[in-house]
Amino acid sequence: MSYKTFDFTVADHVAQIVFNRPDKANAMILSFWQEMVDVFAEIDDRTDIRAVVISSTGRHFTGGLDLSAFGNIAGDMLTGDRGRVGEQFRRAVAEMQESFAVIDKCRVPVLAAIQGGCVGGGVDLISACDMRYATADSWYCIQEINIGMTADVGTLQRLPHLIPSGLVRELAYTGRRMAANEALQSGLVNQLFDSQDAMLAHVLEVARTIASKSPLAIHGTKEMLNYTRDHSVADALNYMQVWQSGMFLTADLMEAITAQQQKREPTFADLLPAKKIVRKGRR
């Protein structure tokens, strides 16, 4: 499947999503929101993908929501029955939230490589990723408050799990820019790099390392980390018991042990394709 707002390639079990509208600061036009759902449906369908890297082109990772593309939607809200228009808009927000929820729910780790500005919806997007790496000139802004609205597609829900709550509130209330060094010190990003090329080389190496591990074990690890984030320790430990009872006895475990004994790199089979009942993605 081809995409309009980004390029999509797969090599060495690693998928790359590269935003390709640098002349528009990679702003998120209407088609972007559907394409994100579509590409992650494709990723989930493919058994050869074990890690995903999201990167960008040009000076900025993304300028966030393309407001010009949403002018008609805002105009429609000013007419018609207030209750019905409100219910309709609620469903529109839910659809936009799903465009980043697919990152969070993806069964393989998703890594973000950020350069320049990461604005508005960009913060929503990277908050849903497993890890974030950035250039030393990167900066971050919860832009929504600066245009008179509340951030609504994931930043306020996910960012408090990544950095201190007080800092989240400061950024969300003031709309100020957070520089790269502060992002590193707060734990938002894992590492800073002097150039985009150096960053991408490192991120792809991390992704390839992840792809070399048992895909079943990686999937289980992401599942447990996400579940623990959203539940109590006791609930998460109980879920771990249930998960291990079904997933522990796998050929991957014996292959890893055998490879260690033989002093070689292990080779793991891909996960099985899903048995599709309900299709996600492009309608």
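Here the structure is a predicted model, which is why all the values come from computation and not from measurement. (Residues numbered from 1 in each chain as written. Predicted model: local features only at pLDDT ≥ 70, side-chain atom pairs only at ≥ 80, totals over all residues. Heavy atoms only, no water.)

Draft legend 1. Layout of the packing of aromatic side chains. Following the criterion strictly, the structure yields nine aromatic pairs and no others. Each ring, one from Phe-32 and one from Trp-33, has its centre 5.6 Å from the other, and the planes form 85 degrees; the classification is edge-to-face. An identical accessibility class is assigned to Phe-32 and Trp-33; each is buried. Taking 6.3 Å as the distance between ring centres and 80 degrees as the angle between the ring planes, the aromatic pair formed by Tyr-239 and Trp-243 counts as edge-to-face. With Tyr-239 and Trp-243 both in helix H10 (residues 233-247) and four residues apart, this pair spans about one turn of that helix. Above the plane of the ring of Trp-139 lies Arg-177, whose end atom (NZ or CZ) is 3.6 Å from the centre. (Phe/Tyr/Trp six-rings, centres within 6.5 Å; stacked < 30°, edge-to-face > 60°. Buried < 20%, exposed > 50% of the residue type's maximum accessible area, 1.4 Å probe, protein only. Helix = DSSP H or I, 4+ residues; strand = E, 2+ residues; numbered from the N terminus. Lys NZ or Arg CZ within 6 Å of the ring centre and 35° of its normal.)

Draft legend 2. Structural view of the sheet that holds strand E7 (residues 139-141). Strand order in the open sheet formed by three strands is E5-E7-E8, with mixed pairing between adjacent strands. The strands lining the two open edges of the sheet, one partner per strand, are strand E5 (117-119) and strand E8 (178-179). Sheet analysis places E5 next to E7, joined by three bridges and oriented parallel. Counterpart to Gly-117 in the pairing with E7 is Trp-139. (Pairing = 2+ DSSP bridges.)

Draft legend 3. Representation of unusual backbone geometry. Backbone geometry places Asn-26, a non-glycine residue, at a positive phi of 55 degrees. Its place among the elements puts Asn-26 in the loop between strand E2 (14-19) and helix H1 (30-45). Residue classification places Asn-26 among the buried residues on the basis of a relative accessible area of 4%. Positive phi, normally seen in glycine, also occurs at Lys-263, with a value near 55 degrees. With respect to the helices and strands, Lys-263 occurs in the segment after helix H11 (251-261). The exposed category is assigned to Lys-263, whose relative accessible area is 76%.

Draft legend 4. Summary view of the pattern of salt bridges. Across all of its chains, the model carries 14 salt bridges by this definition. As a salt-bridge pair, Asp-104 and Arg-229 come within 3.0 Å of each other at their nearest N and O atoms. Placement of the pair is Asp-104 in helix H3 (residues 82-105) and Arg-229 in helix H9 (residues 215-230), with a sequence separation of 125 residues. On the basis of relative accessibility, which here comes to 10%, the residue Asp-104 falls in the buried class. The exposure class of Arg-229 is partly exposed, given its relative accessible area of 30%. Put simply, Asp-104, Arg-158, Arg-229 and Asp-230 are held in one network by salt bridges that share partners. (Salt bridge = Lys/Arg side-chain N within 4 Å of Asp/Glu carboxyl O.)

Draft legend 5. Layout of the pairing of strand E6 (residues 131-135). The buried fraction of E6 amounts to five of the five residues, a majority that puts the element mostly inside the structure. Burial along E6 is two-sided: Met-131, Tyr-133 and Thr-135 facing one way and Arg-132 and Ala-134 facing the other are all buried. Direction of pairing for strand E4 (residues 110-114) relative to E6: parallel, over a ladder of four bridges. Counted as the bridge partner of Leu-111 is Met-131 from E6. Where E6 lies against strand E9 (residues 191-193), three bridges are found, and the strand directions are parallel. Within E9, the position partnered with Thr-135 by the bridge is Phe-193.

Honestly, it's all geometry; don't read function into it.
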